[in-house]
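Overview (structure and organization)
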Amino acid sequence: QSVLTQPPSVSGAPGQRVTISCTGSSSNIGAGYDVHWYQQLPGTAPKLLIYANNNRPSGVPDRFSGSKSGTSASLAITGLQAEDEADYYCQSYDSSLSGHWVFGGGTKLTVL
Amino acid sequence: EVQLVESGGGLVKPGGSLTLSCAASGFTFSHYSMNWVRQAPGKGLEWVSSISSSSSYIYYADSVKGRFTISRDNAKNSLYLQMNSLRAEDTAVYYCARKPLDSSGWYFDYWGQGSLVTVSS
């Protein structure tokens, strides 16, 4: 059971917009800690996609965007492309007793 | 170009030990905090351990505390993870990952390709 909750899967057709949610609590996202997102293509290492809630590293297309509100965060992907099919993970910091850095369980994006 | 290359993975029996290494290049290793993150087969990512640039601060996940030891050698641009008393549930791909410099949040901007550790009799 992950500290941050993501839907196991989402899907969309090419060109569509999809969102992936990341729900936390008052000890992580709700406490004001930043949320970061990673993309993991099949068989590869994770890649930083969004940092500090809504910032894109150099080279990440502006089709990817992040937002945060309250105890949740979201990753939005517009103009869906076949190469976006991957697993997506959110990550934050948790201040509870067993805290430190925590990941969501991951969301598998399928491009139909 | 930033490169992180893990090595040292393999098959080990329950209760055994293994040391992972991560060779860094393309950046000033001694300036950066470094991390280990693992991924069990078919599962999600799990943060394992972190170490600050000068080894002053070290953190472990509860699941590995007391069994794993993170260390670094800045002269050799290398990060290590000594794993003792290994259990079946430690079976995973272990990634070495860098924390960006001067970032307010703690996240991972570069990742290695991973090293598979299999704990099985």
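Residues numbered from 1 in each chain as written. Chains lettered and ligands numbered in written order. Predicted model: local features only at pLDDT ≥ 70, side-chain atom pairs only at ≥ 80, totals over all residues. Heavy atoms only, no water.

Some remarks on the nonpolar core
In a soluble, globular protein the nonpolar side chains are often hidden away together inside. B:W36, B:Y94 and B:W111 are the most contacted members of the largest nonpolar core, which totals 43 residues. Secondary structure elements with two or more residues in this core: β8 (100-103) of chain A together with β3 (18-25), β4 (34-39), β5 (45-51), β7 (68-73), β8 (78-83), β9 (92-98) and β11 (115-119) of chain B. A per-element tally of this core places β9(B) first, with five residues. Among all residues touching B:Y94, those that are not within four sequence positions of it are B:E6, B:L20, B:W36, B:V37, B:R38, B:V48, B:F68, B:L81, B:M83, B:G114, B:S115 and B:V117. By size, the runner-up hydrophobic cluster in this structure holds 22 residues, among which are A:V35, A:F64, A:V102 and A:V111. (Core = buried A, V, L, I, M, F, W, Y, C linked by side-chain atoms within 4.5 Å. Buried < 20%, exposed > 50% of the residue type's maximum accessible area, 1.4 Å probe, protein only. Helix = DSSP H or I, 4+ residues; strand = E, 2+ residues; numbered from the N terminus. Contact = heavy atoms within 4.5 Å.)

A few points about the sheet that holds strand β5 (residues 64-69) of chain A
Residues and elements named next belong to chain A. Taken in spatial order, the three strands make up an open sheet running β2-β6-β5, and their pairing is antiparallel. Two strands in the sheet have a free side with no partner beyond their single neighbour: β2 (18-23) and β5. Strand-to-strand twist across the sheet, computed as the mean angle between neighbouring axes with direction ignored, equals 20 degrees. Bridge count for β2 against strand β6 (residues 72-77) is six bridges, and the pairing is antiparallel. Residue pairing in the sheet places V18 in a bridge with I77 of β6. (Pairing = 2+ DSSP bridges. Axes fitted to C-alpha atoms, helices over the stretch in contact; angles between N-to-C directions.)

Section: the interface of chain A and chain B
In this assembly, 16 residues from chain A lie in contact with 21 residues from chain B. Carbon and sulfur atoms make up 67% of the surface buried where chain A meets chain B, a total of about 1,500 Å² over both sides. By the criterion of area lost to chain B, the three top residues of chain A are A:P46, A:W101 and A:F103, representing 40% of everything that side buries. At the boundary of chain A and chain B, one finds zero salt bridges. Taken together, the links from chain A to chain B amount to five residue pairs in polar contact (both at pLDDT 80 or more). Residue assignment for the side of chain A that touches chain B shows that the elements contributing at least two residues are β3 (36-40), β7 (86-94) and β8 of chain A. Classifying every residue of the side of chain A that touches chain B by side-chain character gives eight nonpolar, seven polar and one charged. (Buried area = accessible area lost by both parts, 1.4 Å probe. Salt bridge = Lys/Arg side-chain N within 4 Å of Asp/Glu carboxyl O. Polar contact = N/O pair within 3.5 Å; in protein donor to acceptor, adjacent residues only side chain to side chain. Nonpolar A, V, L, I, M, F, W, Y, C, P; charged D, E, K, R; others polar.)

Treat this as a map of the structure, not an account of what it does.
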